[in-house]
Structures are given as structure tokens and as C-alpha cells.
Amino acid sequence: MTYLGFTALVAASAAATLAATPAAADPTPPLVLAAASLQESLTAAANAWAAKGHVRPVISFAASSALARQVQAGANADLFISADEDWMDALAARKLIVANTRVTFLGNRLVVAAPAGSKIRIPVRPPAALVRVLTAGPLAMADTPVPAGKYGQEALERLGVWPQVAPRVVRAENVRATLALVERGAAPLGIVYATDAKASAQVRIAGVFPASTHPAITYPVARLSTSRNPEAEAFRRFLVSRGGKAIFVRYGFSAR
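**Student:** Quick question: what am I supposed to make of the overall build of the chain here?
**Tutor:** Scanning the chain from terminus to terminus reveals 11 helices and 11 strands. Expressed as a percentage of its 256 residues, the buried residues of the chain come to 48%. Within the chain, contacts between residues separated by at least 24 positions form 77% of all contacts whose residues are at least 6 apart in sequence.

**Student:** Which parts of the structure should I look at to understand the pattern of salt bridges?
**Tutor:** Evaluation of the coordinates by the stated rule reveals 10 salt bridges. Asp84 is paired through a salt bridge with Lys150; the nearest N and O atoms lie 3.1 Å apart. Taken as a pair, Asp84 in the loop between β3 (79-81) and α4 (85-93) and Lys150 in helix α6 (residues 147-158) lie far apart in primary sequence, 66 residues in all. Residue Lys150 pairs with Asp86 through a salt bridge whose shortest N-O separation is 3.3 Å. Here Lys150, found in helix α6, pairs with Asp86, found in helix α4; they are 64 residues apart in sequence, far enough to count as distant. For Lys150, a relative accessible area of 28% gives the class partly exposed. Overlapping salt bridges, with partners in common, bring together Arg223, Glu233, Arg236 and Arg237 in one network.

**Student:** Help me understand the sheet that holds strand β1 (residues 31-35) in this model?
**Tutor:** Hydrogen bonding along the main chain pairs the strands of a sheet, whether they run parallel or antiparallel. As summarised here, the arrangement of the 6 strands in space is β2-β1-β3-β10-β4-β11, forming an open sheet in which the pairing is mixed. The two strands at the open ends of the sheet, each matched to only one other strand, are β2 (58-62) and β11 (254-255). For β1 and β3, the ladder comprises 3 bridges, and the chain directions are parallel. Paired with Val32 across the strands is Leu79, a residue of β3. Where helix α2 (residues 39-51) meets the sheet, it contacts β1, β2 and β3, and its direction lies at approximately 175° from that of β2.

**Student:** Please clarify how helix α5 (residues 127-134) should be interpreted in this entry.
**Tutor:** Working note: α-helix, 3.6 residues per turn, so residues spaced by three or four point in the same direction. All buried positions along α5 are accounted for by Ala129, Leu130, Val131 and Leu134. The secondary structure elements touched by the buried residues of α5 are β6 (139-142), α6, α7 (162-165) and β8 (189-193).

**Student:** Just to check I follow, could you spell out the nonpolar core for this structure?
**Tutor:** A general feature of soluble globular proteins is that nonpolar side chains tend to end up buried together. The biggest cluster of nonpolar side chains holds 62 residues, and the ones touching the most others in it are Leu38, Leu42, Leu156 and Tyr219. Those residues in contact with Leu42 that lie beyond four places of it in its chain are Val32, Ala34, Ile59, Phe61, Ile81, Phe235, Leu239 and Phe248. Within the second largest apolar cluster, 14 residues are counted, among which are Ala62, Val71, Trp87 and Met88.

**Student:** What's the story with the sheet that holds β6 in this structure? I'm lost.
**Tutor:** Strand order in the open sheet made by the 5 strands is β7-β6-β8-β5-β9, with mixed pairing throughout. In this open sheet, the two edge strands, each paired with only one partner strand, are β7 (169-172) and β9 (203-208). Between one strand axis and the next, the sheet turns through 35° on average, direction left out of account. Here 4 bridges tie strand β5 (residues 110-115) to β8, and the two strands are oriented antiparallel to one another.

Definitions and limits used
Residues numbered from 1 in each chain as written. Predicted model: local features only at pLDDT ≥ 70, side-chain atom pairs only at ≥ 80, totals over all residues. Heavy atoms only, no water. Helix = DSSP H or I, 4+ residues; strand = E, 2+ residues; numbered from the N terminus. Buried < 20%, exposed > 50% of the residue type's maximum accessible area, 1.4 Å probe, protein only. Contact = heavy atoms within 4.5 Å. Salt bridge = Lys/Arg side-chain N within 4 Å of Asp/Glu carboxyl O. Pairing = 2+ DSSP bridges. Axes fitted to C-alpha atoms, helices over the stretch in contact; angles between N-to-C directions. Core = buried A, V, L, I, M, F, W, Y, C linked by side-chain atoms within 4.5 Å.

Structure (C-alpha cells):
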């Protein structure tokens, strides 16, 4: 056999070996269950993580209450990010999270959103003036199991106007659905987070609730106890890192 013939035989053998070897499977992306108010910011964080060479997480956005109930029902997911502590507490009580992975890493503000062209301003005092503005038309709010809905109702209760405002409230399934009601003109005002209003060019912030009128709005993240995906913990650590938090700050959140 000539040298060239031997070389060709070796090359052919190597090619056959490679063809017979199955390609390494791509890593399975972790599944993240996240509060609806995190849509733009968490998507940006996932993209930044993928740009570092990691598999991009799959994210499911919904109301924290709905997501927590999915976990309680046995949903196969890796991380949970809630818009309040209560729903994370509910999972912790049933040992559905890995306790030492729970970190509260973001904060937000509660606001009243109005259409971008509206001139409405929200007076916090006196109560009669606040009632007059909030009852001029339907007031969009998230359902009360949803954190934004609970924060909003408590704020109105502490301001002493809830009994008068409650009959005018139109409920939505989550904070983004609340925002959509204002964007479409179905409600002239809606109680949402500051970051939601910032994310939409169709609305503006007509008023900000004093922090003293509701519990602090915080976002905890934790790994779910059923998670077996090694990428999940790595992504969680990225989110709570200085660089990870900086992404959320660009979207209007406060870092904690």
C-alpha cells in the first residue's frame, strides 16, 4: 500500500469513528418560574447569561400566586422568583425550596398608571380628593392573591379610602394584565409597579404610593427542592450577583 493510500485509509477510518460517535447532548435549560413584572428585566438577564456561553434558561411568567400553586401541585421547574415574600414562605413551609438558596435581591415601588396622554395627578391627601380621582372611572388592579393586588388593596386601606374605591375596582389576573387594561383604555387608572409603567410607552406614572402604606415590595429567588439541573444554581447565583442585579436596576428595580 502506498503512503497516500494508507493516509486515505486512516482518514476514512477516523471519519467513520466520528460518525458512529453520538454528539454530546446539549445541556438541558433550567426552567424558571417568575413574577409577571420581571418580563423585560429577567429576559435581559437570561440573554446576558447565554452570552457568557451558558444554555439560555426557559422562563415562564405569571402571577406569583399562580406559579406558587403550580409548584405546590408538583410542577417540574428549577427556580422560583416571587414578587412578594408570602408566596415564597408558602413554598418554604412545605419544604418545596432549598432553604439556603433563598435570597431577596430586588425591590420595587407601587404606583398608579394612567394613559400617556392623560393629565391626571393622584393626590394622596386628603382622602376625599383621592377618592374623587380614583372613582372617576374603573380602577384596574390585580386579583388579591396576586402580590400587586394585595399591595394595592392594603395601600388603599391604610389611606382610608378602600370602602369607597372597592366598588369601582376591575380585577385582572396579574400586574401585566392590569397594565394592559390601562394601555387599551379599558380603565383610566391602574395600580401597578413602577417598573411595569416604565416598560410601557403607552402609560405614565400618575402617582406613587408612599412606602409607608404597604409592605416593602421585595423579590426573593430560590431553587426548588425538586430541581436536578446543575445550570439552575449557576443561573441563580448570577442573578443575585452584583452584575446580575445591575441588569434589573437598568429596568427600574432597586437592588437589595
